Amino acid sequence: GGAISPGKNGGSSTLFKRGTAHSQQSRSALSQVSSTMPHADIAVRLDQPILSSSRAQLRDNASTILKSILTILLSDVAKTACVAFVLAFVITFLSKSSSKTMSKLYPIYASIKHVFKLLQGQITKTKDGVLKRSDKEGVPLKFDKDDDGNIGWGVCTLSSKKKLGRSKFMEYEFKLPKVDNILNLALGQKITLCCLDNEDRVAKKDYYLYSPKNKKGKFSIIANIDWANEDDKPPKGEGDFSKVLSKELDIGDEIALQPGPRTLTYRGEYLPVTDMLYVASGAGIAPVLDQVKAVLPSGSSSVKSVTVIWTNDTEEDFDVALASLEDEYFKYSTKLAVSCVVDENNGRRLDRNPEIDEALPPFEPGTMAVIAGPKRFTNEARSMLMGYGYPEECMCVLP
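Quantities reported herein were computed from a predicted structural model and do not represent experimental measurements.

The rules we used
Residues numbered from 1 in each chain as written. Predicted model: local features only at pLDDT ≥ 70, side-chain atom pairs only at ≥ 80, totals over all residues. Heavy atoms only, no water. Helix = DSSP H or I, 4+ residues; strand = E, 2+ residues; numbered from the N terminus. Buried < 20%, exposed > 50% of the residue type's maximum accessible area, 1.4 Å probe, protein only. Areas by Shrake-Rupley, 256 points an atom, 1.4 Å probe, with all protein chains shown as cover. Phe/Tyr/Trp six-rings, centres within 6.5 Å; stacked < 30°, edge-to-face > 60°. Pairing = 2+ DSSP bridges. Axes fitted to C-alpha atoms, helices over the stretch in contact; angles between N-to-C directions. pLDDT = per-residue confidence, 0-100. Contact = heavy atoms within 4.5 Å. Core = buried A, V, L, I, M, F, W, Y, C linked by side-chain atoms within 4.5 Å. Salt bridge = Lys/Arg side-chain N within 4 Å of Asp/Glu carboxyl O. Lys, Arg positive; Asp, Glu negative; His and termini not counted.

This next bit is on the overall build of the protein chain. A count of helical and extended segments in the protein chain gives 8 helices and 17 strands. Relative to its 399 residues, the protein chain shows a buried fraction of 47%. Accessible area of the protein chain: about 20,400 Å², with a carbon and sulfur share of 53%.

Set out below in structure tokens:
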């Protein structure tokens, strides 16, 4: 499962390893959790299909879609649901047994629970595919252009603030003008938010989305509650948007938005990209999760395997996305490996961390590494990967 387990020297980690769909066991690792990167010139579109897309034809051919859905429902999902029901009954029986009996049967219980989650993941994956094919596409939010042809601004409204579990991060959700509006951002693209602070100074900042990039009618971002300790400070004379977001913006307030910079780039010579390595810290998991969800589905990209290494200085901060990563693992256990490591060294000397060393795959042609997190962490992670033989041109640092 996704529980964080105690480490040998006060740290802790969780590890989901790639394996066969029904036999690979997740395991908890016992651990001591112990320059600015230039961006590439070529934008990477990892979410493009390997072959030319036929989705438009599928939408116009209702009978083909219906036939596909019925075939799925009458085969894999139906059979999986029956097996899942039996496993659920066994798990319920074991959970009500005495503690002495449970201690003897726990290995069996853990194994059954793992297989049950894998089956749940397959059902969810199939359902997601059916819904994606049948779901009506949203309407991209329009941004007017100024006289010079530069893209203009749209408007959104702060609708909610929510603390993410025990972490030090807040989720801020914004409504778009229409319920079917979507932002339609590219993979790795930020959104720029702007407003006036209480002193009438312009406050502006770029964020990666926390919500799915094509979610209808709304979107969300995450920000550190301790905004004063964030890396990026506003230019002189401008307001601090992080402070405005945390202290001044109220539910119902309107702010401006526009598509931000595209940051996912690649300068390597090894194409197509077949293996992705993500090394993230803190809120850097937001763009990583978005990309993981984009490249994992079969036929969605050239990527065949994905490795995620996510570090935080406290266990509580994994509440931001651990459940989502676990869901993706149980849907794509043969393609995805996830390591969550509590790093008590706060991003320093990552190359001396044995759990990161174990989780890092060796560089192979076709591998692309993406690094996301605070500046100090990304500098350290970049140096670490270069020490492990990763070419600089095959790395991308998300700012």
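Right, let's talk about the packing of aromatic side chains for a bit. Any aromatic ring pair is given by two values, namely how distant the centres are and how the planes are angled relative to each other. Applying the stated criterion to the full structure yields 6 aromatic pairs. Plain terms: the ring middles of Trp 310 and Phe 318 are 4.9 Å apart, the flat faces sit at 80° to each other, and that makes the pair edge-to-face. One exposure class covers both Trp 310 and Phe 318, and it is buried. Three or more aromatic residues link up through ring pairs in this structure, and these residues are Tyr 270, Phe 363 and Tyr 390.

What follows is about the sheet that holds strand β10 (residues 218-224). Sheets are built from strands paired through backbone hydrogen bonds, the pairs being either parallel or antiparallel. Judged by pairing direction, the sheet is antiparallel, and its 6 strands sit side by side in the order β9-β8-β11-β5-β6-β10 without closing on themselves. The open sheet has two free edges, formed respectively by β9 (202-207) and β10, since each of these has just one partner strand. Direction aside, neighbouring strands of the sheet carry axes that sit 40° apart on average. Here 5 bridges tie strand β8 (residues 189-196) to strand β11 (residues 254-262), and the two strands are oriented antiparallel to one another. Bridging from a neighbouring strand, Leu 193 pairs with Leu 257 of β11.

Moving on to the confidence of the model for the protein chain. The share of residues in the protein chain with pLDDT of 70 or more is 71%, and the mean pLDDT across the chain is 80. Low pLDDT, under 50, characterises residues 20-45; the stretch is placed with 86 contacts to residues that sit more than four places away or in other chains.

Once that is clear, we can look at the nonpolar core. Generally speaking, nonpolar side chains in soluble globular proteins are found buried as a group. Counting residues in each nonpolar core, the largest one holds 60 residues, and the members touching the most others are Ile 285, Val 306, Val 308, Trp 310 and Leu 385. Among the elements that take part in this core, helix α5 (residues 285-295) stands out by supplying 7 residues, more than any other. Membership of the second largest hydrophobic core comes to 25 residues, among which are Phe 143, Leu 183, Phe 219 and Leu 245.

A separate point is α5. Within α5, 10 of the 11 residues are buried, which leaves the element mostly enclosed by the surrounding structure. Those residues of α5 lying buried are Ile 285, Ala 286, Pro 287, Val 288, Leu 289, Asp 290, Gln 291, Val 292, Ala 294 and Val 295.

Turning next to helix α4 (residues 241-248). Within the sequence span of α4, burial applies to Phe 241, Ser 242, Val 244, Leu 245 and Glu 248. Buried positions along α4 lie against β5 (154-163), β6 (169-175), β8, β9, β10 and β11.

Further remarks concern the pairing of β5. Direction of pairing for β5 relative to β11: antiparallel, over a ladder of 4 bridges. Across the sheet, the residue bridging to Cys 156 is Ile 255, located in β11. Across 6 bridges, the pairing between β5 and β6 is antiparallel. Bridge pairing in β6 links Lys 163 to Met 170. Linking β5 to β6, which pair antiparallel, is a turn of 5 residues; within it Gly 165 sits at a positive phi near 55°.

Glancing now at the pattern of salt bridges. The final tally for this structure, using the stated rule, is 11 salt bridges. Across the pair Lys 168 and Asp 317 runs a salt bridge, and its minimum N-O distance is 2.3 Å. One end of the pair, Lys 168, is in the loop between β5 and β6; the other, Asp 317, is in the loop between β14 (305-312) and α6 (322-331), with 149 residues separating them in the sequence. Exposure remark for Lys 168: the relative accessible area of 30% places this residue in the partly exposed category. In this structure Asp 317 comes out as buried when scored by relative accessible area, which is 2%. Connected through salt bridges with shared partners, the residues Arg 166, Glu 315 and Asp 319 form a single ionic network.

Moving on, we get to the side chain of Lys 335. Within the secondary structure layout, Lys 335 lies in the loop between α6 and β15 (336-342). Of the side chains bearing the opposite charge, Glu 328 lies closest to the buried Lys 335, which forms no salt bridge; the N-O distance is 9.8 Å. When near neighbours in sequence (up to four residues on either side) are disregarded, Lys 335 contacts Arg 18, Val 295, Leu 296, Pro 297, Val 303, Lys 304, Ser 305 and Val 306.

Moving on, we get to the environment of Ile 123. Relative to the assigned elements, Ile 123 resides in helix α3 (residues 99-134). Placed 208 residues apart in sequence, Ile 123 and Lys 331 show a C-alpha to C-alpha distance of 8.2 Å.

Moving on, we get to the environment of Glu 355. Following the sequence through the fold, Glu 355 ends up in helix α7 (residues 354-359). The exposure class assigned to Glu 355 is buried, which follows from its relative accessible area of 10%. As for Glu 355 and Val 341, which are separated by 14 residues in sequence, their C-alpha atoms are 7.4 Å apart.

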